[in-house]
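Architecture at a glance
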Amino acid sequence: MDWYGAIAGLLTVAMAGCGSPERPGYTARAAMLTPPVIVSVPVPIAQPRAARPAPVSLVEVLVRLQRGFAGRAGVAVSAVDEGWTAEAGGRQYLPQQSVSKLWVALTVLNLRDQGRLRLDDPVTVTADDLTVFNQPIAALARKPGGFQTSVGDLLTRALTRSDNTANDKLMWLAGGPVAVRATIEAKQLGAIRFGPGERLLQAQTAGLTWQSAFSRGNSFEIARSRLAPEQRRRALDAYVASPPDGAQPIAIADALARLARGELLSETSTHVALTTMGQTITGRSRLRAAIPAGWQIAHKTGTGQDLAGRNAGFNDVGLLTAPDGRRYAIAVMIGETTRPVRERQQLIQSVAAAVANYASMTGGG
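Residues numbered from 1 in each chain as written. Predicted model: local features only at pLDDT ≥ 70, side-chain atom pairs only at ≥ 80, totals over all residues. Heavy atoms only, no water.

Quick word on the overall build of the chain
Put simply, the rule is: Secondary structure elements are defined from DSSP: runs of H or I of at least 4 residues count as helices, runs of E of at least 2 residues count as strands, and each element is numbered from the N terminus. Note on classification: 1.4 Å probe, protein chains only; a residue is buried when its accessible area is under 20% of the maximum for its type, exposed when over 50%, partly exposed between these limits. Only heavy atoms matter for contacts: two residues are in contact if any of them lie within 4.5 Å across the pair. In short, Shrake-Rupley with a 1.4 Å probe defines the accessible areas, and a residue's cover is counted only from the protein chains shown.
The number of helices and strands found in the chain is twelve helices and eleven strands. Sorting the 365 residues of the chain into buried and exposed places 57% on the buried side. When contacts within the chain are restricted to residue pairs at least 6 apart in sequence, those whose partners lie at least 24 apart make up 72%. Carbon and sulfur atoms make up 54% of the accessible area of the chain, which amounts to about 14900 Å² in all.

Digging into the pattern of salt bridges
The test is simple: We define a salt bridge as a contact between a side-chain nitrogen of Lys or Arg and a carboxyl oxygen of Asp or Glu at a distance within 4 Å.
For the structure shown, the criterion picks out 19 salt bridges. The shortest N-O distance in the salt bridge between Glu87 and Arg91 comes to 3.6 Å. Judged by relative accessible area, Glu87 falls into the partly exposed class, the value being 25%. Close ionic contact of Lys169 with Asp129 constitutes a salt bridge, the shortest N to O distance being 3.4 Å. Here the residue Lys169 occupies a position in helix α5 (residues 164-173), and Asp129 occupies one in the loop between β4 (122-125) and α3 (138-141), the gap between them amounting to 40 residues. The class for Lys169 is buried, based on a relative accessible area of 5%. For Asp129, a relative accessible area of 2% puts it in the buried group. A network of salt bridges, in which partner residues are shared, links Glu230, Arg233, Arg234, Asp237, Arg310 and Glu336.

Focus on the nonpolar core
Convention followed: What is meant by a nonpolar core is a set of buried Ala, Val, Leu, Ile, Met, Phe, Trp, Tyr and Cys residues, joined one to another through side-chain atoms within 4.5 Å.
Counting residues in each nonpolar core, the largest one holds 59 residues, and the members touching the most others are Trp103, Ile192 and Ile252. One finds Ala79, Phe314, Tyr328 and Val351 within the second-largest nonpolar core, a separate group that totals 31 residues.

Here's the deal with the packing of helix α1 (residues 56-68) against helix α12 (residues 341-361)
Defined as follows: Angular values range over 0 to 180 degrees, each being the angle between N-to-C directions of two axes fitted as lines to C-alpha atoms, with helices fitted over their stretch in contact. These descriptions rest on fixed angle ranges, namely under 35 degrees for roughly parallel, over 145 for roughly antiparallel, 65 to 115 for roughly perpendicular, and the rest for oblique. Each residue is assigned to one of three groups, with Ala, Val, Leu, Ile, Met, Phe, Trp, Tyr, Cys and Pro labelled nonpolar, Asp, Glu, Lys and Arg labelled charged, and all others, Gly among them, labelled polar.
One can describe the packing of α1 onto α12 by two numbers: an axis separation of 10 Å at closest approach and a directional angle of 170°. Relative to α12, the element α1 is oriented roughly antiparallel. Residue-level contacts link Leu58, Val61, Leu62 and Leu65 of α1 to Leu347, Ser350, Val351, Ala354, Val355 and Tyr358 of α12. Classifying every residue of the contact of α1 with α12 gives nine nonpolar, one polar and no charged.

Some remarks on empty space enclosed by the protein
Selection rule: Points on a 1 Å grid over protein atoms alone make up a cavity when a 1.4 Å probe fits among them but cannot get out, and a pocket when they form an open set with protein on both sides within 12 Å along at least five of seven lines; lining residues each have an atom within 4 Å of a point. Grid points are joined across faces, edges and corners, and a volume is the space filled by probe spheres set on the points.
Enumeration according to the criterion identifies four cavities of 30 Å³ or more in this entry. A volume near 110 Å³ is recorded for the largest cavity. Around the largest cavity, the lining is made up of 13 residues, and of these Leu102, Leu106, Leu259, Ala273 and Met277 lie nearest the centre. Elements with a contribution of two residues or more to the lining of the largest cavity: α2 (101-113), α10 (249-260) and α11 (267-277). With five residues, the top contributor of residues to the lining of the largest cavity is α2. When its residues are assigned to classes, the lining of the largest cavity shows 13 nonpolar, no polar and no charged.

Let's talk about the environment of Ala251
When you line up the elements, Ala251 lands in helix α10. With sequence-adjacent residues up to four places away left out, Ala251 is seen in contact with Leu189, Ala191 and Ile192.

Thoughts on α10
Each turn of an α-helix holds 3.6 residues, which means side chains three or four residues apart point in the same direction. Selection criterion: In this analysis, the expected span of each helix is defined as 1.5 Å times one less than the number of residues it contains.
Given a rise of 1.5 Å per residue, twelve residues ought to cover 16 Å, and the 17 Å separating the end C-alpha atoms of α10 matches this to within 8%. By the criterion of burial, α10 is predominantly enclosed, with eleven of the twelve residues buried. For α10, the set of buried residues is Pro249, Ile250, Ala251, Ile252, Ala253, Ala255, Leu256, Ala257, Arg258, Leu259 and Ala260. Looking one or two residues past α10, Gly262 carries a phi angle of roughly 80°, positive in sign.

Here's the deal with unusual backbone geometry
Residues other than glycine seldom take positive phi values, yet Phe133 does so here, at roughly 55°. Mapped onto the elements of the fold, Phe133 is located in the loop between β4 and α3. In this model, Gln188 sits at a positive phi of 55°, which is unusual for a non-glycine residue. When you line up the elements, Gln188 lands in the loop between α6 (177-186) and α7 (198-206).

A closer look at the side chain of Asp121
Rule in force here: In protein, a polar contact requires one atom able to donate a hydrogen and another able to accept it; more generally it is a pair of N or O atoms within 3.5 Å, and residues adjacent in sequence count only if both atoms are side-chain atoms.
By the element assignment, Asp121 lies in the loop between α2 and β4. Exposure remark for Asp121: the relative accessible area of 5% places this residue in the buried category. Reaching out from Asp121, the side chain makes a polar contact with the backbone nitrogen of Arg118 at a distance of 2.8 Å.

In structure tokens, the structure reads:
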């Protein structure tokens, strides 16, 4: 049993249906619909918070880092417990890529809070569910009969390993892109878009029209390599100019701060989300690489496609917790750059280091 089984005793909800997307392998128990059951721990009522001015010294550092980077980047830091937000270039829509898996997780856990879905609900993932790029679950899904798993396991795989297939399967179980967008709107998360799912998003970004064959082996990469360079460039230009999965870093930082304060989900679901994000294994050279000893991190990375040395989407967002318990929601997003990976990592690390330095200077590090 995965780690979330340890809190299974806290879950008192029953399945009440979560839409009926017409997808291969969909296993929602439509014939077993029951009235929603209220979870044991209700969602707390959010209390209005008076905005405080961000510390000038930190803002100056963030501005210097953002402006000094050769590319289109945005940074935002929201002090969960202190009530201020600092940003530099944080009000532009930048590609999220796999950062958007957070909103699928939020939608799934919100359904759990409504009694419409449980983490131990069974799910079958088959070869028909496969997507593109990072999908460690693929080998299991290709076995005869597919892979028998659960909602909670898919949630863990999507957040900690950034598994595209696990995430898309969850998305369709929750009602598809429309349901995720509805959750973003209902929770009033602001300037955060959600795209059409990994298959269509990645195909469109590359200049391709999705075909089911692309999910097999390296068929997607081969098809992409056969496109004329100008066709790929136009597609990438269009994506960067108006990413369907775009979001403002300041909106993401605010959403993470609200999640940490328990304003978006029940206490148990909030614990599930943050504990799972704390087990993330992707992006070890991003935010995680810069936090000092004694700090904790719960985060989600995102990485987009490359074309001729040009990258569209290199991100890390998360929650940093200082030794004294103070928490800082951070979003560092690089929307477009030709700089090498090491320099992108250094920008993200520098932002985390700046926050840790601020905390230590004010008694929190």
